[in-house]
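Summary of the model geometry
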Amino acid sequence: MFTAQRAVAPLRMFLVVLFGILVLFQTMSLPGQFAYLARHDPEMAYLRWPATAVSVFWVLCVQVVIVATWQLLTLVKRDRIFTEASLKWVDAIVWSILAGWLVLAGVFLYVGFNADDPALPLLLFLALTGGAVLFFLMIVLRTLLRQATSLRSDLEQVI
């Protein structure tokens, strides 16, 4: 069975790969895709730059989560996860999720009021719901981390 210490190295490897793929999307794929769509659908060309900016922002939010996760893994490896230092990285994850969710809510409202077909608004609503679940899950995990940190601190004072 994997222990936390044994899972850190493969998780870091996949985080590096994921970060690299996201940089590729951020710099080449997303801007190129929206330029292509603008050329082939001139009626929607006005959305090229807003769609590019929003997509790149969402990728940036995921990159912040990856960096914060990397830092938390460093604290796990050093057996320092139950310290105040870990809370700032969890806060970075929470704020990143919230920022991405708020932008998604704006996109949902824009698309919802302008859509002819219910498929895209429903898909965005699904993403909004999933993002809200992820946000509140991180809030609960942050609370548990704070409690564990407090208990460990109290225990260290007793010993």
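Residues numbered from 1 in each chain as written. Predicted model: local features only at pLDDT ≥ 70, side-chain atom pairs only at ≥ 80, totals over all residues. Heavy atoms only, no water.

Per an unreviewed UniProt entry, the recorded name for the protein is Membrane protein, and the organism is Amycolatopsis oliviviridis.

Description of the packing of helix α1 (residues 4–40) against helix α2 (residues 48–77)
Angle between the axes and distance between the axes are the two parameters that describe a pair of packed helices. Quick reminder of the rule: Every axis in this analysis is a line fitted to C-alpha atoms, fitted for helices over the stretch in contact. Angles between the N-to-C directions lie between 0 and 180 degrees. The way it works is that DSSP assigns letters per residue, a run of H or I at least four long becomes a helix, a run of E at least two long becomes a strand, and they are numbered from the N terminus. Orientation labels follow simple angle bins: below 35 degrees gives roughly parallel, above 145 gives roughly antiparallel, 65 to 115 gives roughly perpendicular, and whatever is left gives oblique. Any residue outside Ala, Val, Leu, Ile, Met, Phe, Trp, Tyr, Cys, Pro, Asp, Glu, Lys and Arg is labelled polar, Gly included; the first ten of those are nonpolar and the last four are charged.
One way to put it is that α1 packs onto α2 with a least axis distance of 10 Å and a crossing angle of 170 degrees. Here α1 is positioned roughly antiparallel relative to α2, judged by the angle of their axes. Residue classes in the contact of α1 with α2 are distributed as 24 nonpolar, seven polar and three charged.

Concerning helix α3 (residues 84–114)
Inclusion rule: To estimate how far a helix should reach, multiply one less than its number of residues by 1.5 Å. Exposure is judged per residue with a 1.4 Å probe applied to protein chains only, and the accessible area is read against the type maximum: over 50% gives exposed, under 20% gives buried, and values in between give partly exposed. We call two residues in contact when some of their heavy atoms are within 4.5 Å.
For α3, spanning 31 residues, the distance from its first C-alpha to its last is 46 Å, which sits close to the expected 45 Å at 1.5 Å a residue. Taken as a whole, α3 has its buried residues at S86, L87, V90, I93, V94, S96, I97, G100, L104, A105 and V111. Contacts from the buried residues of α3 go to α2 and α4 (119–158).

Brief notes about the layout of surface pockets
Rolled over the atoms, a probe as big as a water molecule pinpoints where empty space is left. The condition is simple: Of the grid points, spaced at 1 Å and generated over the protein atoms alone, those admitting a 1.4 Å probe that cannot get out make up cavities, while open sets with protein on both sides within 12 Å along at least five of seven lines make up pockets; any residue with an atom within 4 Å of a point is treated as lining. Grid points are joined across faces, edges and corners, and a volume is the space filled by probe spheres set on the points.
Considered as a void within the structure, the largest pocket measures approximately 740 Å³ in volume. If you go around the largest pocket, you meet 25 residues; those closest to its centre are M44, L47, Y110, V111 and L120. Looking at the lining of the largest pocket, the elements that each hand over two or more residues are α1, α2, α3 and α4. Of the residues assigned to the lining of the largest pocket, the class counts are 19 nonpolar, two polar and four charged. Considering only enclosed or pocket space, the second largest pocket measures out at about 330 Å³ in volume. As for the second largest pocket, its lining consists of 14 residues, and the residues nearest its centre are C61, V62, I97, G100 and L134. Of all the elements in the fold, those that place two or more residues in the lining of the second largest pocket are α2, α3 and α4.

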